[in-house]
Amino acid sequence: MRRVRVIDSHTGGEPTRLVVEGGPDLGPGTALERRERFRESHDRFRAGVVNEPRGFDAMVGAVLCPPNGDEAVAQVIFFNNVGYLGMCVHGMIGVAETLRRRGMLELGGHRFETPAGLVGVEIHDDRTVSVANVLSYRTQKDIQVEVPGLGTVTGDVAWGGNWFFLVDDHGQDLANPDLLHLTDVTADIRAALTAAGVVGADGSEVDHIELFAAAPGEGADSRNFVLCPGREYDRSPCGTGTSAKMACLAADGKLAPGQVWRQEGIVGSVFEGTIEAVDGGVMPTVRGRAWITAENSLLFHDDDPFAEGIPL
Ligand code: PYC
């Protein structure tokens, strides 16, 4: 029997499950190299940790690996119900809170290597965490796709550590959301993008779809709904999506360096973001808070037909 110790947290409602003991040996290398080894040789472990019956579709998992040099305290690789992420801001906030609580990180600044690049983490004394994310930028503006049942949908393609399609004009109600309907609509938009051959700059699928509307209250500048790769929606405001949004706003001259952008998610939690302008885009910082929800051991029995998750 394999025993895997995990600590669960949520950041603005979105869960993160950090493996703290019993994870796979991913060998030497960069976070990107280790992520590919994870995918090739340990994908069943990924599925067993985040999918039913031990997890559920919205769960994001994380494993820590030793750093590859002296630039970072550790590497983090994030995964979900269908695969692997480049970066995950809500997850990074959850990992930082978990490590702080275990006495492994002090208040103040730290750096982590992720498959998308180096990120900074600042743990504040009010328990919030700021994540200085990777370079974020827009690659395509006002792309139009035909979506069956919706008509022509116009949006931008941008990178914030993952690839996003950002749509302002969609006719959907984000104030009183019908989550199943929004999931279907955004999944249809993603399918239409794929069918039209719209991809990220590196040829990757644009696998996150982000709808925006005015925030219903005073506490935020905007509300979003974000469809993640495995057809689940982000319960948090999505930090990589907020980074992509701020890159688009900056490119349109609507967000100045240092100006605070408050992005509300579909369950009402808020991330605060700022940008620094750099060549080729913006360097975003996103701040939020995580809460530990469980300290647990996952058990994988050799004769359990669902040790590697339920293949749905
Ligand atoms: O916060 O960056 C994020 C994120 C990505 C996927 C789910 N959350």
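Refer to the structure above for everything that follows.
On a predicted model such as this, the values are computed, not experimentally measured, just so you know.

Colleague: Would you take a moment to explain the site of the ligand for this structure?
Modeller: Around the ligand, a shell composed of E14, C88, V89, H90, D234, C238, G239 and T240 is seen. Residue V89 places a main-chain N or O atom 2.9 Å away from an oxygen atom belonging to the ligand. Between an oxygen atom of the ligand and a side-chain N or O atom of T240, the distance comes to 2.8 Å. Burial of the ligand by the surrounding chains reaches 99%, relative to a free accessible area of 240 Å². Residue assignment for the shell around the ligand shows that the elements contributing at least two residues are α3 (89-101) and α5 (239-251). Per-class residue counts for the shell around the ligand are 3 nonpolar, 3 polar and 2 charged.

Colleague: Even after reading the chapter, I still don't get the side chain of N162, so can you show me in this structure?
Modeller: With respect to the helices and strands, N162 occurs in the loop between β9 (151-159) and β10 (163-167). Residue N162 is classed as buried on the basis of its relative accessible area of 6%. Among the polar contacts listed, one links the side chain of N162 to the backbone oxygen of M87, at a separation of 2.8 Å. When residues no more than four places from it in sequence are discounted, the contact partners of N162 are L85, G86, M87, H208 and T240.

Procedures and definitions
- Residues numbered from 1 in each chain as written.
- Predicted model: local features only at pLDDT ≥ 70, side-chain atom pairs only at ≥ 80, totals over all residues.
- Heavy atoms only, no water.
- Near = heavy atom within 4 Å.
- Polar contact = N/O pair within 3.5 Å; in protein donor to acceptor, adjacent residues only side chain to side chain.
- Areas by Shrake-Rupley, 256 points an atom, 1.4 Å probe, with all protein chains shown as cover.
- Helix = DSSP H or I, 4+ residues; strand = E, 2+ residues; numbered from the N terminus.
- Nonpolar A, V, L, I, M, F, W, Y, C, P; charged D, E, K, R; others polar.
- Buried < 20%, exposed > 50% of the residue type's maximum accessible area, 1.4 Å probe, protein only.
- Contact = heavy atoms within 4.5 Å.

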